[in-house]
Amino acid sequence: MEEDTHKIEDISEDDDDDVEKEEEQNWEDWTADGEGEEDDLDLLCLFCDFKFNSTSSLFDHCFSSHSFDFRSIKTSLKLDFYGCFKLINYVRSQVANNKCWSCGSTCESKQELQDHLHKPSGFEGGNLPWDNDMYLKPYMEEDNLLYSFDEDEDEEVDDDVAGRDIDDFDKMSIDDKTDLESYDYKNKAVNGESSDEKKSNNSSLNAVDRQIMIVNKDYFGSYSSFGIHKEMISDKVRTDAYRQAIVDNPSLVKGAVVLDVGCGTGILSLFAAQGGASVVNAVEASDKMAAVATQVAKDNGLLWNEASNGSTKQKRGVIKVINSMVEDVIESGQIKPQSVDVLVSEWMGYCLLYETMLSSVLVARDHWLKPGGAMLPDTATMFVAGFGKGATSIPFWENVYGFNMSSIGKELVKDAAHIPIVDVVDGNNLVTNTALLQAFDLTTMKPDEVDFTASVQLQQKSTNSTEVESTKCYGVVLWFETAFTSRFCKEAPTVLSTSPYTPPTHWSQTLLTLTEPISLSSKTLTSKSCSMVGSEVNPAVKIDARISIARGVEHRSIDISLEVTAIGSDGQKQKWPVQLFNMR
């Protein structure tokens, strides 16, 4: 795991009265603290080279100098977070091409565009030119405005906006060269790019290609470490699930042509050979691990070797190790199209989709798997639940050899509101029910389905106690299951789970921490409260959460957005600020 993916300790909860009082005070200071942080921002104007340290001053400038009233546009067109996100990227793309964002007129120079800018018109009918998935990809690198524009106003919940089924976030960015070229050339074609500009653009694409190659090299290089493979093989939950699916289903594997995508040490290929496969194509992109897999297969008498004996050929072993990326194997023609009976791969990453090989697995499926061929595993499902104080580092810092260091714990939790944390969570530290977030059928899913938006509702977890106390939800935890179902595994279907309620795996779980915890209770208040929903005096009875996961701008990374709304017993709602987490 790279440096930005942090780990925290999982320590039991310790209730401290002084800390609770201080946390309650934090509710009052929340908004003020957020405004203080804004001073560190470096925000570039949408239309000129002026920079600002607050969204408020930037939007005031845009209104007075460029006739662009962001607040009015947002309100009149009822733009939600993603609508505003797309608007900003659209405006930046238009200005970069000397085009008016409002009427589409093309100007000869930047100065001419500045003189031309005018109040918007023609958007009342709902035909918004920025309502396109391509504008969910940041147009400008490190555009701080994209992650702070919603701090300009302290908004109340807008039921009309909150209730809309918006899933545009699912194409925030792309993870392969084909999609990148398609996006870039379509964008330039719309803007009337000249041939000289296309040459420049090709250079840019080559730079991106080089960056992808570097990331791939680092990724496959990281899997050259024997320590990683020892950790994965030692993960009994993981390895036993694959062994059972492959070895204990003879009607599936015996006599079959098997493809192992990303074979590593070759353990799954060895299982396939043990299960009676006639041929096992073990594809591995890492030079070092391909050599290791070859030697391991040879040492076990399972390496494919054709020896001529007069007019006949004798075959020894069944495992063929192919040192290449899946996409390159297709070009070389080493494996015939639609010749594979069973495709097996351990492609899952943290949070299921981080650093995943899934895109390569789907390419392999579409090119090599026979109609009706088996995928192992054949389904993947993501789950979500709310976690309490015990899943954070706060309890540890509350009593360090008798000293109160809770301020450190609070600072760590505050930092965690921007970075996904990978750690083992005890099921006892979950404070809500479990909800299904997203399900994938790996036999039919398309590559772009890995980008998705889903909404769930969480409620306080029921207990055996007759008197249920309110609790605090500090964030949500994500985990996954992959299944080897009876669709293909007739004799011995099995499930590989990374749930907090099952034995831990090397994937752990992924925690998304809220900027402030939400008090949660199953009780109904006897009287109407004027306090904010989700506070200790007015706990929420439900939490509506909308989570989006998309492939990140950086190859093999993912971006996660979290939007939560606390709902009181009387139906009152309090919306938390949208949070963006970058997993890279």
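Residues numbered from 1 in each chain as written. Predicted model: local features only at pLDDT ≥ 70, side-chain atom pairs only at ≥ 80, totals over all residues. Heavy atoms only, no water.

K.L.:
Mind laying out the overall build of the chain, listing which residues take part and the relevant values?
P.N.:
Assigned secondary structure in the chain consists of 17 helices and 20 strands. Here the analysis covers contacts within the chain between residues at least 6 apart in sequence; of these, 71% occur between residues at least 24 apart. As displayed, the chain offers around 27200 Å² of accessible surface, 48% of which is attributable to carbon and sulfur atoms. (Helix = DSSP H or I, 4+ residues; strand = E, 2+ residues; numbered from the N terminus. Contact = heavy atoms within 4.5 Å. Areas by Shrake-Rupley, 256 points an atom, 1.4 Å probe, with all protein chains shown as cover.)

K.L.:
Residues and numbers for helix α2 (residues 55-66), please.
P.N.:
If you check α2, its first and last C-alpha atoms are 15 Å apart, about what twelve residues at 1.5 Å a residue would give, namely 16 Å. By the burial criterion, the buried members of α2 are Thr55, Leu58, Phe59, His61, Cys62 and His66. Angularly, the buried residues of α2 cover 155° about the axis, an arc narrow enough to put them on a single face. On its buried face, α2 sits against β1 (43-44), β2 (51-52), α3 (70-76) and α5 (110-116). With its phi angle positive at about 60°, Ser67 sits one or two positions after the end of α2. (Expected span 1.5 Å × (residues − 1). Buried < 20%, exposed > 50% of the residue type's maximum accessible area, 1.4 Å probe, protein only. Arc of directions from axis to C-beta.)

K.L.:
Which residues make up unusual backbone geometry, and what values go with them?
P.N.:
The linkage connecting Leu376 with the following residue, Pro377, adopts the cis geometry, with an omega of -5°. Tracing the backbone through its elements, the reader meets Pro377 in the loop between β9 (369-376) and β10 (379-387). Backbone geometry places Ser508, a non-glycine residue, at a positive phi of 55°. With respect to the element layout, Ser508 can be found in the loop between β15 (494-497) and β16 (509-520). Given the relative accessible area of 6%, Ser508 is considered buried.

K.L.:
For empty space enclosed by the protein, give the residues involved together with the corresponding values.
P.N.:
With the rule as written, the count across this model stands at two cavities of 30 Å³ or more. Empty space within the second largest cavity amounts to approximately 40 Å³. At the level of secondary structure, the elements contributing two or more residues to the lining of the second largest cavity comprise α12 (267-274), α13 (287-299) and β7 (319-323). (1 Å grid on protein atoms, 1.4 Å probe; cavity = no way out; pocket = protein on both sides within 12 Å on 5 of 7 lines; lining within 4 Å. Points joined across faces, edges and corners; volume = space filled by probe spheres on them.)

K.L.:
Explain α12 residue by residue, including any values.
P.N.:
In terms of residue burial, α12 counts as a mostly covered element, since seven of its eight residues are buried. For α12, every residue scored as buried is listed here: Ile267, Leu268, Ser269, Leu270, Phe271, Ala272 and Ala273. Looking at the residues trailing α12, positive phi occurs at Gly276, about 100°.

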